[in-house]
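# Architecture at a glance
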Amino acid sequence: MKTIIAEKPSVAREIARIVGATKREEGYFEGGGYAVTWAFGHLVQLAMPDGYGIRGFVRDNLPVIPETFTLIPRQEKTEKGYKPDSGVVSQIKIIARLFKESEQIIVATDAGREGELIFRYLYHYTGCTTPFVRLWISSLTEKAIKQGFDTLKDGKEFDGLYQSAQGRSRADWLVGINATQALSIIAGNGIYSLGRVQTPTLALICKRYLENKNFSVQQYWQIQLSHNKELIDFKSISKTKWEDQKLADDALKAIQRIGIAIITSLATKSVTEQSPLLFDLTGLQKEANKKLNLSAEETLNIAQSLYEKKFITYPRTGSKYIPEDMWAEIPNLVRALQDSETCKQAVGKLKWGRFNKRIVNDLRVTDHHGLLITDKIPSALNAKENSI
């Protein structure tokens, strides 16, 4: 038997359908020589300081730097402190048994740094030694999944990705634990949470807020005139900025009385605008915030939902390009948009022989390529999903 582990139950369900694992068991699907199980996010995490015998915030304990980091099941907060999440512990036991009974593990967690860490932490926590291979896909369509199974990769190829994720995880722990305890001890009047990412992010927000709050408004007036020459309408604006509105009004009245204004400079320029690149996640979040007033988290959640419904490719991408070998798929994806009411008219105007390849760059594709639709076009979506 081979065990396939996905990051979420919804993804496991789709993979199980394709490989023929149709029998539902507690915590996994079985059939066709496969068991398909799942995590739900990080089932295993780094132990907190009390896991190393360090309790409370004590100055002499700092810095807290474990000789060896300990992995534990994900904790949940209770009135008496933290304890292992019972649902998590139960799923880990199921996964551990399947790993042990398998001849091979197929890793189908999200194809990225955190997806790799989710599996590796589970693998090490359960003490597993079963060999594993990697299913690396950017789309959950049936075609993409089958192609992924045809090109499974040796798990060792992703050791570097795991080490990067592990380094991020440990850095978050070391900075968060030590900075939070140090500041709280010095302040002496509560707990102040600091973090590797959250603290500089909050600092940027605060800095921008204070700049905005302390901005001094300077009011002035300018004169804008409308012109027409050789059937071309254009506008001009005065170089002078008057702090007194009465002086600006007097100047305007003088122009109206004389009927003449002198143009001191004229600029004409032609602009060539390149076609936009694909969205990466950050670009999508910025555009959605600007045009739809969606937060970054809302945009990510909507994009993740569209990915799991097989309508777009993997959203957590930092690239705006696709590799050369994907270029042949682009015309088919554009043609698929002919079935979409919102895109039908635009697609109909395309000149099919004039596609440019600006989005193609093998060197600029990292873990994942830029965001694309799939050839599965939705017939109905909620308003926010449709906008994204």
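This text follows the structure it describes.
Let me begin by describing the structure that accompanies this report. Keep in mind it's a predicted model, so treat the numbers as computed, not measured.

### So, the packing of helix H3 (residues 113-125) against helix H5 (residues 159-187)
- Two numbers describe how H3 lies on H5: the axes approach to 8 Å, and their chain directions differ by 85°. Considering their axes alone, H3 and H5 lie roughly perpendicular with respect to each other. On H5, the residues that touch Arg-113, Glu-114, Glu-116, Leu-117, Arg-120, Tyr-121 and His-124 of H3 are Asp-159, Leu-161, Tyr-162, Ser-164, Ala-165, Gln-166, Arg-168 and Ser-169.
- Considering only residue class, the contact of H3 with H5 consists of five nonpolar, four polar and six charged.

### Concerning the sheet that holds strand S11 (residues 153-154)
- With respect to topology, seven strands assemble into an open sheet ordered S2-S3-S4-S1-S9-S10-S11, the strand pairing being mixed. In this open sheet, the two edge strands, each paired with only one partner strand, are strand S2 (23-25) and S11.
- Across three bridges, S2 lies against strand S3 (residues 28-31) in antiparallel orientation. Within S3, the position partnered with Lys-23 by the bridge is Glu-30.
- Relative to strand S10 (residues 132-134), H3 is tilted by about 175°, and along the sheet it contacts strand S1 (2-6), strand S9 (104-108) and S10.

### Quick word on empty space enclosed by the protein
- Scanning the entire structure with this criterion turns up one cavity of 30 Å³ or more.
- Roughly 50 Å³ of volume is contained in the largest cavity.
- If you trace the largest cavity, you find it lined by Val-11, Ile-15, Ala-108, Thr-109, Asp-110, Ala-111, Leu-135, Ile-137, Leu-140 and Tyr-307.
- Of the residues in the lining of the largest cavity, the class split is eight nonpolar, one polar and one charged.

### Some details on the side chain of Arg-134
- The residue Arg-134 is located in strand S10 in this model.
- Exposure remark for Arg-134: the relative accessible area of 1% places this residue in the buried category.
- In terms of polar contacts, Arg-134 uses its side chain to reach the backbone carbonyl oxygen of Asp-110, at 3.2 Å.
- A distance of 2.7 Å separates the side chain of Arg-134 from the side chain of Glu-116, its partner in a polar contact.
- When near neighbours in sequence (up to four residues on either side) are disregarded, Arg-134 contacts Val-107, Ala-108, Thr-109, Asp-110, Ala-111, Gly-112, Gly-115, Glu-116, Leu-152, Lys-153, Gly-155 and Phe-158.

### Comments concerning the pattern of salt bridges
- Across all of its chains, the model carries 25 salt bridges by this definition.
- Across the pair Arg-168 and Asp-172 runs a salt bridge whose closest N-O atoms are separated by 2.7 Å. Separated by four residues within a single helix, Arg-168 and Asp-172 lie in helix H5, roughly one turn from each other.
- Residues participating in the shared-partner salt-bridge network are Glu-14, Arg-17, Glu-142, Lys-146 and Lys-310.

### Quick word on helix H1 (residues 9-19)
- Among all positions of H1, only Val-11, Ala-12, Glu-14, Ile-15, Ala-16, Ile-18 and Val-19 are buried.
- Just downstream of H1 lies Gly-20, where phi reads positive at about 85°.

### Overview of the layout of surface pockets
- When its volume is computed, the largest pocket comes out at roughly 1,600 Å³.
- Leu-278, Leu-337, Cys-343, Leu-371 and Ile-373 are the residues nearest the centre of the largest pocket, which is lined by 44 residues in total.
- At the level of elements, helix H8 (281-292), helix H10 (330-336), helix H11 (344-348) and helix H12 (383-387) are the ones that each hand at least two residues to the lining of the largest pocket.
- By residue number, the principal contributor to the lining of the largest pocket is H8, which donates five residues.
- Along the lines of polarity and charge, the residues of the lining of the largest pocket split into 29 nonpolar, seven polar and eight charged.
- Approximately 890 Å³ is the volume attributed to the second largest pocket.

### What to know about the packing of aromatic side chains
- The final tally for this structure, using the stated rule, is nine aromatic pairs.
- Here Phe-119 and Tyr-123 contribute two aromatic rings whose centre-to-centre distance is 5.4 Å and whose plane-to-plane angle is 45°, an arrangement assigned as tilted. Of this pair, Phe-119 and Tyr-123 both sit in helix H3, four residues apart, roughly one helical turn.
- Tyr-123 gets classed as buried once you look at its relative accessible area, which sits at 10%.
- Relative to Tyr-314, the ring of Tyr-307 has its centre 5.4 Å away and its plane inclined at 75°; by these criteria the two rings are edge-to-face.

Rules behind the numbers
- Residues numbered from 1 in each chain as written.
- Predicted model: local features only at pLDDT ≥ 70, side-chain atom pairs only at ≥ 80, totals over all residues.
- Heavy atoms only, no water.
- Axes fitted to C-alpha atoms, helices over the stretch in contact; angles between N-to-C directions.
- Helix = DSSP H or I, 4+ residues; strand = E, 2+ residues; numbered from the N terminus.
- Parallel < 35°, antiparallel > 145°, perpendicular 65-115°, else oblique.
- Contact = heavy atoms within 4.5 Å.
- Nonpolar A, V, L, I, M, F, W, Y, C, P; charged D, E, K, R; others polar.
- Pairing = 2+ DSSP bridges.
- 1 Å grid on protein atoms, 1.4 Å probe; cavity = no way out; pocket = protein on both sides within 12 Å on 5 of 7 lines; lining within 4 Å.
- Points joined across faces, edges and corners; volume = space filled by probe spheres on them.
- Buried < 20%, exposed > 50% of the residue type's maximum accessible area, 1.4 Å probe, protein only.
- Polar contact = N/O pair within 3.5 Å; in protein donor to acceptor, adjacent residues only side chain to side chain.
- Salt bridge = Lys/Arg side-chain N within 4 Å of Asp/Glu carboxyl O.
- Phe/Tyr/Trp six-rings, centres within 6.5 Å; stacked < 30°, edge-to-face > 60°.

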